[in-house]
Amino acid sequence: MRLIVQKDYQMLSLWAARYVARAILKAEPRENSPFILGLPTGSSPLGMYQELIRLCSQGVISFKHVITFNMDEYVGIPEDHPQSYRRFMYDNFFNHINIPKQNINFLNGNADDLAAECLRYEQAVSSLEGIDLFVGGIGTDGHIAFNEPGSSLTSRTRIKTLAEETRASNSRFFENDITKVPKYALTVGVGTVMDAREVLIIAYGHNKARALMHVIEEGINHMWTVSALQQHRRATILCDEDATEELKVRTVKYFKMMEADNLDPDAILKV
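Residues numbered from 1 in each chain as written. Predicted model: local features only at pLDDT ≥ 70, side-chain atom pairs only at ≥ 80, totals over all residues. Heavy atoms only, no water.

A. View of helix 8 (residues 249–258). Restricting attention to buried positions, one finds in helix 8 the residues Thr251, Val252 and Phe255. All buried residues of helix 8 fall inside an arc of 95° around its axis, so they share one side. Away from its buried face by more than 90 degrees, helix 8 exposes Val249, Arg250, Lys253 and Met257. The inward-facing, buried residues of helix 8 abut strand 1 (2–6) and helix 7 (209–217). (Buried < 20%, exposed > 50% of the residue type's maximum accessible area, 1.4 Å probe, protein only. Helix = DSSP H or I, 4+ residues; strand = E, 2+ residues; numbered from the N terminus. Arc of directions from axis to C-beta. Contact = heavy atoms within 4.5 Å.)

In structure tokens, the structure reads:
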């Protein structure tokens, strides 16, 4: 597992966007051989999405032959609700790039049969032979997607009850009222993410420092589900300096030394 440390959120976002762009460019996707990209919502990827939009508008990258799968969705809120993840993705990314609408995949949190919807989604991923690159964030309690502490590390797409800490954190998007945050969500499983050929996790800010310490310096633990990535063959965690505050100094120095030649965002697209 790689750890890339950038000085701030702006540099982190540039690095993430160029990393995703390079992965797509290297794959040379075509209509009969698309690039399969897993995507998150939340504040962590916003800067990355803004930079990818810029790269697309400049013709550096195209999403014409990219198929996307979003990680999760709340249960029981309308698709056009300001805080639905479908709405988030269109407002902040899909409406601004050249991706065909039929290439965009979401979980339907209003399906009549939620279990069947989760199975459909998992099968849709499998039918395309899996995800090429899954981008995700990390919760303050170390969760990935909505795989809350205690989730099975082999879990698949399913319905999850949201932890109070997650709902409290997300209440900032719901007028700071936790009672307005849905109690349930549909989410890809840890196993679904682990099956991706490559995973990039974004962590920034002081509030992610404790989770990052558990994920980087401690063992694999179902109470910190991102820690499963320690066993992934191609996993990268991208963070800013603030998120390293609870890591040992020698840990940070080690990873900075190991990645000294890979820290310049502008150099990524030149490789």
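B. Structural context of the sheet that holds strand 7 (residues 158–161). Read across the open sheet, the three strands follow the order 4-8-7; overall the sheet is antiparallel. A strand with exactly one partner marks an edge of an open sheet, and here the two such strands are strand 4 (72–74) and strand 7. Shown here is a sheet whose adjacent strand axes are inclined to one another by a mean of 30°, direction ignored. As defined by bridge partners, strand 7 adjoins strand 8 (residues 184–187) across four bridges and the pair is classed as antiparallel. When the sheet's bridge partners are listed, Ile159 is paired in strand 8 with Leu186. The strands touched by helix 4 (residues 114–127) within the sheet are strand 7 and strand 8, with strand 7 carrying the most contacts at an inclination of about 125°. (Pairing = 2+ DSSP bridges. Axes fitted to C-alpha atoms, helices over the stretch in contact; angles between N-to-C directions.)

C. Expanded view of a nonpolar patch on the surface. Residues Tyr254, Met257 and Met258 make up a contiguous nonpolar surface patch of roughly 340 Å² in combined accessible area. Structurally, Met257 is set in helix 8. With relative accessibility at 56%, the residue Met257 sits in the exposed group. (Patch = residues over 30% accessible without salt bridge, like charges linked within 9 Å, V, L, I, M, F, W, Y side chains within 5 Å. Areas by Shrake-Rupley, 256 points an atom, 1.4 Å probe, with all protein chains shown as cover. Salt bridge = Lys/Arg side-chain N within 4 Å of Asp/Glu carboxyl O.)

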